[in-house]
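One-letter residues, chain by chain:
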There are 4 protein chains.
Amino acid sequence: MPHNTSHTPLTNEAAPKRSRRKEARPGELLEAALDLFVEKGFAATRVDDVAARAGVSKGTLFLYFPSKEELFKAVVRENIVGRFTEWNNALESFVGNTSEVLTYCYQVWWERIGATKASGITKLMFSEAQNFPEIAQFYQQEVILPCRALIRRILQRGMERGEFRQMDLEYGTYIVLAPMMFLMLWNNSMGPCSLPDEVFTPEQYIRTQIDNILHGLCVRPAAGATPPPSQNP
Amino acid sequence: MPHNTSHTPLTNEAAPKRSRRKEARPGELLEAALDLFVEKGFAATRVDDVAARAGVSKGTLFLYFPSKEELFKAVVRENIVGRFTEWNNALESFVGNTSEVLTYCYQVWWERIGATKASGITKLMFSEAQNFPEIAQFYQQEVILPCRALIRRILQRGMERGEFRQMDLEYGTYIVLAPMMFLMLWNNSMGPCSLPDEVFTPEQYIRTQIDNILHGLCVRPAAGATPPPSQNP
Amino acid sequence: MPHNTSHTPLTNEAAPKRSRRKEARPGELLEAALDLFVEKGFAATRVDDVAARAGVSKGTLFLYFPSKEELFKAVVRENIVGRFTEWNNALESFVGNTSEVLTYCYQVWWERIGATKASGITKLMFSEAQNFPEIAQFYQQEVILPCRALIRRILQRGMERGEFRQMDLEYGTYIVLAPMMFLMLWNNSMGPCSLPDEVFTPEQYIRTQIDNILHGLCVRPAAGATPPPSQNP
Amino acid sequence: MPHNTSHTPLTNEAAPKRSRRKEARPGELLEAALDLFVEKGFAATRVDDVAARAGVSKGTLFLYFPSKEELFKAVVRENIVGRFTEWNNALESFVGNTSEVLTYCYQVWWERIGATKASGITKLMFSEAQNFPEIAQFYQQEVILPCRALIRRILQRGMERGEFRQMDLEYGTYIVLAPMMFLMLWNNSMGPCSLPDEVFTPEQYIRTQIDNILHGLCVRPAAGATPPPSQNP
DNA sequence: TATGAATGAGAGTTCATTCAT
DNA sequence: GATGAATGAACTCTCATTCAT
């Protein structure tokens, strides 16, 4: 038995075994849980691992969350609330033409959500939606719907100002939404598994997408949107 | 690995349905497994359920697949191989302007992959990529890369014929890919959990996306792609 | 590693690891569970121990009983059903004066219930009644009530034939019941913990009780049942 | 074993209630523990619940009792000592015929023990005897034996005075004891779970039992105690 | 003295895997 | 080949006990 086990440690290496930080704990646990749920999925994540990553024992986790499922719900709630409104507010005061609004929209989204760990929640929801239908609906209600509403307002502004062409607003929202979603999903699942010589820069991806959203691929947009096919099978 | 030795080679598609009940077993198991893996994820799927859905006993499953993990890999392999080449071939012989090619591309993809259960494999891969990195790489190698190569050829064709504007081809592929991917992911996860009064028609979604991919939102595509922002924060 | 582990055992000592006896298992488990529940109580009994005593693994127990609580209920049900009717039937055909009926009643009860492991169920019910109120009610319905009804019939017979004195039948049943119950409870709890030089013979206990039930302590039963107390505190 | 040092000796009953809040703690804990142990059994009772019912924190409980098991032992000790001597003394000075003594004995027992929470200790001991053999022996030594000794003295008095018939004193004690015990056990376990339309009055139960103990069921006690059975199976 | 956050061994339960039939 | 009873490692969750405050 080393003789200094009971003394004050010489270095501040060994952290105190039992630190009492009731306020900090839930947050640390939620963060750890978000990481692991995103990485491995709900079922494949062990609560021991969540606790360990948060630096506490398994028992402590259950002190704050009555079950693994409630932990999951808390993770989703925690990471949803606030994020969207933050984004929303940043856009309210913007002045300029609607193309600029849209560009700015992407930029703010990327900074505040897309590039942060919060984007993992989207991957999580897509993975677990079927196992947690109520949470999935909650997510749609609190995130997808408001997000599409915001996009819809921007598109409408563009149409009203004669900047954007007429379109079905309902489906138009997905034009803006889909590339965002895809990027978040990609970055949180297959992206990290990319082949070694692959290079992928989210900023470049975003720039390309925005450019296309605004102008499309065609040199001249003019003549009829989708011309009838010729003689193909 | 007994299961590879006992069932028909992957390239010998469309084996005769008649008589040979035994030969059909692995296929039924793979189909059942695909359904359940897509729906609940790998970890949350019980092999009992897979076997039950395939109408066999749990023991029989292990006769064909040495472990749950191997079953997973087989599911991915089975649903990847062939599907893509099928799609690829359909496009090779196409004649017409490149907008039409792209439109046709979407149409074929939707018919042969997007609208079928094969789309579930995409959701599965996104959900489980981090847990099965080798499979994720395999999927990228066998699906994502060829798919993007195909799209790249189409885009290049458009550029060469003066139909499409110049662009970075590497990121340009995602313009076409992202909306497809998003649709497959959505349909296999949150889509079915949509709020009751929500209506969502994949065909309308595709039409809107293709329209935008080709022409963008802006009325006049002309001048500078992304004009500099004015005086905003 | 002993060299004959993989051979046919020379003696039939080592039982086969995995014997398939679907029919026998539940019974063996119920028996083991009864023993342990009676001995240690519901909460203090571990399912591992039940399984071990039944000679199977923990997993096997859950193959037959979905939970520890259901196992408990099954134990009670199993040991209640039939026992009482058996006893009941044995008395139906009895001929003789009612004192003899009562004596015979005690004798049959002792042989078929009191002296058997079934008596443990009474101790179990008394211990766990508050934790399993539904089962306790079930037990009262199925055991206590019929038992008292049987006793009531006997008492009534005695009264009608002028053999027994008039009494309140409702409470009269407890005259017969209480000594039986006490014996079962005693034998299954404190009895085995008796002090070393203590001797206690159930048969002698029963004989003494029956004798008192029939004749009481007093030499002459005649003069007034409970005379008023004199000048005591 | 800190708890013995910090609370009042067991013989110093009825400590002054005033002022000393701290001194009252162990008593409150023991009372709460008795309630819960009786109600749920030792294993199913959580120390948190005991502490909560006593209005203190879990940590405080362990300040007075080094473990749950020691708490249990203390509960038994506390509720055994004194009660019996109290009862015993009340009977010593009694004057009258022995039937009256016995009746008075039941009355005092009921008032001081049977109808009080102290009766719960009997249920507790019967439930947990096998799990705490030493305590069970202690209980027998301190309660059962003295109790039977008291009863034996009464019976002997009756026999000596020619009031009671001759009998085996050892087993005779159970004639008086069993109905008491049964009542305490019943009231603390199945009684509260009785079917709704059931009515059960302890006082009536006691009256009936005492009447029978003294006089028996038979109209004429006269001839041979248990006549030989006739021609029955 | 009193607290209650923290612990971790241990409980019930699940489920991929095995194997006698 | 096919079965499903049996297994046991691994999981979630509980709770008696500890200890910094």
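- Chain A appears in an unreviewed UniProt entry as TetR family transcriptional regulator from Acidovorax temperans.

**Digging into the overall build of chain A**
And then number 1: Secondary structure assignment for chain A yields 10 helices and zero strands.
And then number 2: Burial analysis of chain A (233 residues in total) assigns 51% to the buried set.
And then number 3: Within chain A, contacts between residues separated by at least 24 positions form 64% of all contacts whose residues are at least 6 apart in sequence.
And then number 4: Element-wise, carbon and sulfur atoms account for 52% of the exposed surface of chain A, whose accessible area totals about 11300 Å².

**A word on the relation of the copies chain D and chain C**
And then number 1: Expressed as a screw transformation, the operator carrying chain D onto chain C has a rotation angle of 180° and an axial translation of 0.0 Å, and the superposed copies differ by an RMSD of 0.2 Å. Such a turn and shift between the copies fits a two-fold axis. Scanning chain D for the C-alpha nearest the rotation axis identifies D:Gly216, at a separation of 1.8 Å.
And then number 2: With an isologous cut-off of 70% or more, the 100% of interface residues of chain D that recur at the interface of chain C puts this contact in the isologous class.

**A look at the interface of chain D and chain C**
And then number 1: Facing the 83 residues of chain D at the interface are 83 residues of chain C.
And then number 2: Interface area, chain D with chain C, both sides summed: about 7400 Å², of which 61% is carbon and sulfur.
And then number 3: The tally of links from chain D across to chain C stands at four salt bridges.
And then number 4: With its nearest N and O atoms 3.5 Å apart, the salt bridge here joins D:Arg165 to C:Asp211.
And then number 5: The tally of links from chain D across to chain C stands at 34 residue pairs in polar contact (both at pLDDT 80 or more).
And then number 6: The class makeup of the residues in the side of chain D that touches chain C is 45 nonpolar, 28 polar and 10 charged.

**Side note on the relation of the copies chain A and chain B**
And then number 1: Each copy superposes on the other: chain A lies on chain B with an RMSD of 0.1 Å after a rotation of 180° and an axial shift of 0.0 Å.
And then number 2: When the interface residues of chain A are mapped onto chain B, 100% of them are again interface residues, pointing to one common binding face.

**A few points about the domain arrangement of chain A**
Residue and element names in this part refer to chain A.
And then number 1: One can read the domain layout of chain A as domain 1 (17-68) and domain 2 (82-217).
And then number 2: Look at where the C-alpha atoms of domain 1 and domain 2 centre, and you get two points 30 Å apart.
And then number 3: Taken together, the eight residues of domain 1 in the interface contact eight residues of domain 2.
And then number 4: Of the roughly 670 Å² buried where domain 1 meets domain 2, counting both sides, 65% is carbon and sulfur surface.
And then number 5: Considering only the side of domain 1, the residues that lose the most area to domain 2 are Leu 34, Val 38 and Phe 42, jointly responsible for 69% of the buried surface there.
And then number 6: Taken together, the connections running from domain 1 to domain 2 amount to two salt bridges.
And then number 7: Here Lys 117 ties to Glu 31 by a salt bridge, and the two come within 3.1 Å at their closest N and O atoms.
And then number 8: Joining domain 1 to domain 2, the criterion identifies four residue pairs in polar contact (both at pLDDT 80 or more).
And then number 9: In terms of residue class, the side of domain 1 that touches domain 2 is built from four nonpolar, one polar and three charged.

**Quick look at the environment of B:Lys58**
All names here are of chain B.
And then number 1: Along the chain, Lys 58 falls in helix α4 (residues 58-64).
And then number 2: Since its relative accessible area comes to 41%, Lys 58 is described here as partly exposed.
And then number 3: As a C-alpha pair, Lys 58 and Val 47 span 11 residues in sequence and 6.8 Å in three-dimensional space.

**Examining the packing of aromatic side chains**
The geometry of an aromatic ring pair is captured by two quantities: the separation of the ring centres and the angle between the planes.
And then number 1: Inspection of every chain in the model, using the stated rule, returns 73 aromatic pairs over all chains.
And then number 2: Centroid distance A:Phe200 to B:Tyr171: 5.9 Å. Interplanar angle 35°. Geometry classified as tilted. In this pair, A:Phe200 sits in the loop between α9 (169-187) and α10 (202-215) while B:Tyr171 sits in helix α10 (residues 169-187), so the two residues belong to two different chains.
And then number 3: By relative accessible area, which is 23% here, A:Phe200 ends up partly exposed.
And then number 4: When the ring of D:Tyr106 is compared with that of D:Trp109, the centres are 5.9 Å apart and the planes differ by 80°; the resulting orientation is edge-to-face. Separated by three residues within a single helix, D:Tyr106 and D:Trp109 lie in helix α7 (residues 98-114), roughly one turn from each other.
And then number 5: With relative accessibility at 2%, the residue D:Tyr106 sits in the buried group.
And then number 6: D:Trp109 gets classed as buried once you look at its relative accessible area, which sits at 2%.
And then number 7: Cluster of aromatic residues (ring-pair linked, three or more members): A:Phe126, A:Tyr171, A:Tyr174, B:Phe182, B:Trp186, B:Phe200 and B:Tyr205.
And then number 8: For A:Lys68, the ring lying beneath its charged end belongs to A:Phe42, and the centroid distance is 4.5 Å.

**A look at the packing of helix α9 (residues 169-187) of chain C against helix α10 (residues 202-215) of chain C**
Residues and elements named next belong to chain C.
And then number 1: Remark: α9 packs on α10, axes separated minimally by 10 Å, with the N-to-C direction vectors making an angle of 165°. Here α9 lies roughly antiparallel to α10, going by the angle between them. The crossing of α9 and α10 is right-handed. Mapping the contact onto sequence places Ile 175, Val 176, Pro 179, Phe 182, Leu 183 and Asn 187 in α9 and Pro 202, Tyr 205, Ile 206, Gln 209 and Ile 213 in α10.
And then number 2: Looking at side-chain class alone, the contact of α9 with α10 contains nine nonpolar, two polar and no charged residues.

**Quick look at the UniProt feature "DNA-binding region" (unreviewed entry) in chain A**
And then number 1: UniProt's feature table lists "DNA-binding region" (unreviewed entry) at residues 46-65 of chain A, given in the numbering used throughout.
And then number 2: With 75% helix and 0% strand, residues 46-65 of chain A has end C-alpha atoms that lie 14 Å from one another.

**Let's talk about the interface of chain A and chain B**
And then number 1: Counting from both sides, the interface comprises 83 residues of chain A and, opposite them, 83 residues of chain B.
And then number 2: Summed over both sides, the interface between chain A and chain B buries roughly 7500 Å², with carbon and sulfur atoms accounting for 60% of that surface.
And then number 3: Counting every contact that joins chain A to chain B gives four salt bridges.
And then number 4: Across the chain A-chain B interface, the total number found is 35 residue pairs in polar contact (both at pLDDT 80 or more).
And then number 5: Looking at the side of chain A that touches chain B, the elements that each hand over two or more residues are α1 (24-40), α6 (98-114), α7 (119-128), α8 (133-160), α9 and α10 of chain A.
And then number 6: Across the side of chain A that touches chain B, the residue classes tally to 45 nonpolar, 28 polar and 10 charged.

**Quick notes on the pattern of salt bridges**
And then number 1: Within this structure, the stated rule accounts for 48 salt bridges over all chains.
And then number 2: For B:Glu163, the salt bridge identified is with B:Arg161, shortest N-O distance 3.2 Å.
And then number 3: Since its relative accessible area comes to 46%, B:Arg161 is described here as partly exposed.
And then number 4: Residues C:Glu198 and D:Arg148 are paired through a salt bridge, measuring 3.5 Å at the closest nitrogen-oxygen approach. In this pair, C:Glu198 is assigned in the loop between α9 and α10 and D:Arg148 in helix α9 (residues 133-160), connecting two distinct chains.

**Some thoughts on the packing of helix α7 (residues 98-114) of chain B against helix α11 (residues 202-215) of chain B**
Residues and elements named next belong to chain B.
And then number 1: Running from amino to carboxyl end, α7 crosses α11 at an angle of 155°, the nearest separation of the two axes being 11 Å. Classified by the interaxial angle, the pair formed by α7 and α11 is roughly antiparallel. Read as a crossing pair, α7 and α11 show a hand that is right-handed. In this structure, α7 contributes Ser 99, Leu 102, Thr 103, Tyr 106, Trp 109 and Trp 110 to the contact, and α11 contributes Pro 202, Glu 203, Ile 206, Ile 210, Ile 213 and Leu 214.
And then number 2: Within the contact of α7 with α11, the residues separate by chemical class into nine nonpolar, two polar and one charged.

**So, helix α5 (residues 83-92) of chain C**
Residues and elements named next belong to chain C.
And then number 1: Among the residues of α5, Phe 84, Trp 87, Asn 88, Ala 90 and Leu 91 are the ones counted as buried. Looking straight down α5, one finds that the buried residues subtend no more than 160° of arc, so they occupy a single side. Turned more than 90 degrees off the buried face of α5, the exposed positions are Asn 89 and Glu 92.
And then number 2: Packed against the buried residues of α5 are α4 (68-80), α6 (98-114), α8 (133-160) and α9.

Conventions adopted
- Residues numbered from 1 in each chain as written.
- Chains lettered and ligands numbered in written order.
- Predicted model: local features only at pLDDT ≥ 70, side-chain atom pairs only at ≥ 80, totals over all residues.
- Heavy atoms only, no water.
- Helix = DSSP H or I, 4+ residues; strand = E, 2+ residues; numbered from the N terminus.
- Buried < 20%, exposed > 50% of the residue type's maximum accessible area, 1.4 Å probe, protein only.
- Contact = heavy atoms within 4.5 Å.
- Areas by Shrake-Rupley, 256 points an atom, 1.4 Å probe, with all protein chains shown as cover.
- Least-squares fit on C-alpha atoms with pLDDT ≥ 70 in both.
- Buried area = accessible area lost by both parts, 1.4 Å probe.
- Salt bridge = Lys/Arg side-chain N within 4 Å of Asp/Glu carboxyl O.
- Polar contact = N/O pair within 3.5 Å; in protein donor to acceptor, adjacent residues only side chain to side chain.
- Nonpolar A, V, L, I, M, F, W, Y, C, P; charged D, E, K, R; others polar.
- Domains from an automatic or database assignment.
- Phe/Tyr/Trp six-rings, centres within 6.5 Å; stacked < 30°, edge-to-face > 60°.
- Lys NZ or Arg CZ within 6 Å of the ring centre and 35° of its normal.
- Axes fitted to C-alpha atoms, helices over the stretch in contact; angles between N-to-C directions.
- Parallel < 35°, antiparallel > 145°, perpendicular 65-115°, else oblique.
- Left-handed = near helix turned anticlockwise from the far one by under 90°.
- UniProt positions renumbered as here; feature names shortened; annotations may be inferred.
- Arc of directions from axis to C-beta.

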